[in-house]
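# Examination of the molecular architecture
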Amino acid sequence: MDSAPLRLGIVCYPTFGGSGVVATELGRALAERGHAIHLFSYAPPARMDAFDERIHLHEVTVSSYPLFRYPPYDLALASRLAEVAEDAELDLVHVHYAIPHALAALLVKDLVRPRRFPVVTTLHGTDITVVGQDPSYRRVTRYALERSDAITCVSEFLRLQTLEVFAPSGPVHVIPNFVDTARFRPQCTAAVRTCFSPAGEPVLMHVSNFRPVKRAALAVEAFAHVAARTRATLVMVGDGPDRPACEARAQALGVKDRVRFLGAQAGVEHILPAADLFLLPSEYESFGLAALEAMACGVVPVATRAGGLPEVVRHGVDGLLVEGDVVAGMSEQALALLGDPPRLRAMKRAAREAAEVRFARAPIVDRYEAVYRGVLGRAPAHA
Ligand code: GMT
């Protein structure tokens, strides 16, 4: 592969959410390879190191004006992107999440003419399944896909959904998410493990942004069934709209003293390895990066068979997938596994191995680089 360094723009949301994590980790990996990375977001991404001299962060600010009932973030982003595209001579921009990032980037194509400004769009899920299908955004999402120079998505499931709903004329490349297995590994301090499991009891964990799609309360319910049969702890990491309901559910089910709510945590890689099982009862996941990060830490995911999750978790090998009654399925499978220590140990090893072999960082970053170089090596798709 051509290895000349590239000057790349990356646009993402900064919040605790998979798309921002993938964009930030990709930026870090590309910077380590010597590419110049310019990251655009409305705040420093949650996963970005406080100071990383290899990555230029461009915080996009939106000025308020009495007429602006809805401050136009996409226009502020386009202006900033255009400035940096010219000043830093960006080769291309890679946007994560179609709305509004891809549209802002497409506007920049016109703003910086005659400079060429290819746009690579990565779809992460809800930009297609929820936001993109909202009648208010459907047409512009279709336009964004049609006009991007390359489209990637994070699972085969999401690719099929994209084809079904938007039928873009160009290819949609599947590039799965990856995990930094040096950072996410099956090791934590004894203090962390002891804090959750003072008497050596099993630790179950859930990490999310507590949006309704995560159905975090089902993790509490499944745990209550487990806790009725064996001594265990549930650790809930993250924050979001459903957290109060989860706390209320733990109280109502009589397990409040066995459930720890930690709130949003920047260093989740230090906490995850303390768990034995990772509960992910999501209604839908285009991929399920949280499950993959748990696997890299040697934690066995117990997740719903939804969306792209079966592409990440192989049932009975490196995790467990449930269908139908989620609470009954999760609690029964969790109890069976906790009651069989040799099988639990084998699955923990398999989970780590899956992260190392199937979702290793280097070959997946190679695939993004190949997309960039493919775009740069061919004639512009749209004049
Ligand atoms: O799931 C979220 O709340 C965040 C969301 C996002 O757009 O940041 O995550 C999506 O992208 C992740 C990274 O590709 C995937 O691992 C998640 O499965 C996906 N979330 C959904 O599909 C609900």
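Located above this text is the structure these notes cover.
## Observations regarding the overall build of the chain
Check the secondary structure of the chain and you find 15 helices and 13 strands. Against the 2.2 N^0.38 benchmark of 21 Å for 383 residues, the chain shows a C-alpha radius of gyration of 21 Å, consistent with a compact globule. Its C-alpha atoms give the chain principal-axis dimensions of about 70 × 50 × 40 Å. The burial tally for the chain puts 54% of its 383 residues in the buried class. The contacts in the chain between residues at least 6 apart in sequence include a share of 72% that link residues at least 24 apart. For the chain, the accessible area works out to roughly 16,200 Å², and carbon and sulfur atoms hold 53% of it. Charge centroids of the chain, computed over 41 positive and 42 negative side chains, lie 2 Å from each other.

## A short note on the environment of S282
In this fold, S282 is placed in the loop between β11 (277-280) and α11 (289-296). Take S282: its relative accessible area is 0%, and that puts it in the buried class. Spatially, the C-alpha atom of S282 lies 20 Å from that of Q133, the residues being 149 residues apart in sequence. Residues within four places of S282 in sequence aside, it is in contact with V213, K214, R215, T304 and A306.

## Overview of the nonpolar core
With 73 residues, the main nonpolar core has L30, L123, M205, L272, L292 and Y372 as its most contacted residues. Here the element with the most residues in this core is helix α1 (residues 18-32); it accounts for seven residues. Of the residues that make up this core, three or more belong to each of domain 1 (7-178 + 360-377) and domain 2 (190-358). Contact partners of L272, with chain neighbours within four places excluded, come to F184, M205, V207, F278, E293, A294, C297 and V299. In terms of nonpolar packing, the next biggest core, distinct from the first, is built from 34 residues, L204, F210, L218 and V322 among them.

## Quick notes on the side chain of R243
Mapping R243 onto the fold places it in helix α9 (residues 243-252). Residue classification places R243 among the buried residues on the basis of a relative accessible area of 16%. A polar contact is formed between the side chain of R243 and the side chain of E247, at a distance of 2.8 Å. Those residues in contact with R243, other than ones at most four positions away along the chain, are F210, G238, F261 and G263.

## Some words on the site of the ligand
In the region of the ligand, 18 residues are neighbours, and S19, H124, N209, R211 and E285 sit closest. Here G288 contributes a backbone N or O atom positioned 3.0 Å from an oxygen atom of the ligand. Ranked by residues supplied to the shell around the ligand, first place goes to α1 with three residues. Taken together, the residues of the shell around the ligand break down into six nonpolar, nine polar and three charged.

## Things to note about the packing of aromatic side chains
This model, assessed by the stated rule, comprises six aromatic pairs. Measuring from centroid to centroid gives 5.4 Å for Y13 and Y97, while their planes differ by 75 degrees, and the two rings are edge-to-face. With Y13 in the loop between β1 (7-11) and α1 and Y97 in the loop between β4 (92-96) and α3 (98-111), the pair connects residues that are 84 residues apart, well separated along the chain. Here the aromatic rings of Y42 and Y73 are separated by 5.7 Å at their centres, their planes lie at 85 degrees, and the arrangement is edge-to-face. Here Y42, found in the loop between β2 (36-41) and β3 (55-59), pairs with Y73, found in helix α2 (residues 73-87); they are 31 residues apart in sequence, far enough to count as distant.

## What about α2?
Under the 1.5 Å per step criterion, the end-to-end length of α2 is 21 Å for 15 residues, consistent within 8% with the ideal 21 Å. Within α2 the residues assigned to the buried category are Y73, A76, L77, A78, L81, A82, V84 and A85. In this fold, the buried residues of α2 make contact with β1, β2, β3, β4 and α3.

## Notes on the pairing of strand β5 (residues 119-123)
For β5, the tally of buried residues reaches five of five residues, placing the bulk of the element in the interior. On the question of chirality, the crossover connecting β4 to the parallel β5 by way of α3 is right-handed. For β5 and strand β6 (residues 150-153), the ladder comprises four bridges, and the chain directions are parallel. Residue pairing across strands places T122 opposite T152, the latter belonging to β6.

## Concerning the environment of V95
Mapped onto the secondary structure, V95 falls in strand β4. Those residues in contact with V95 that sit more than four places away from it in its chain are V11, H101, A102, A105, V119, V120, T121 and T122.

How each quantity is defined
Residues numbered from 1 in each chain as written. Predicted model: local features only at pLDDT ≥ 70, side-chain atom pairs only at ≥ 80, totals over all residues. Heavy atoms only, no water. Helix = DSSP H or I, 4+ residues; strand = E, 2+ residues; numbered from the N terminus. Rg over C-alpha atoms; globule rule 2.2 N^0.38 Å. Buried < 20%, exposed > 50% of the residue type's maximum accessible area, 1.4 Å probe, protein only. Contact = heavy atoms within 4.5 Å. Areas by Shrake-Rupley, 256 points an atom, 1.4 Å probe, with all protein chains shown as cover. Lys, Arg positive; Asp, Glu negative; His and termini not counted. Charge placed at Lys NZ, Arg CZ, Asp CG, Glu CD. Core = buried A, V, L, I, M, F, W, Y, C linked by side-chain atoms within 4.5 Å. Domains from an automatic or database assignment. Polar contact = N/O pair within 3.5 Å; in protein donor to acceptor, adjacent residues only side chain to side chain. Near = heavy atom within 4 Å. Nonpolar A, V, L, I, M, F, W, Y, C, P; charged D, E, K, R; others polar. Phe/Tyr/Trp six-rings, centres within 6.5 Å; stacked < 30°, edge-to-face > 60°. Expected span 1.5 Å × (residues − 1). Right-handed = clockwise from strand over helix to strand, strands pointing away. Pairing = 2+ DSSP bridges.

Read these as layout, nothing more, since geometry by itself doesn't imply function.
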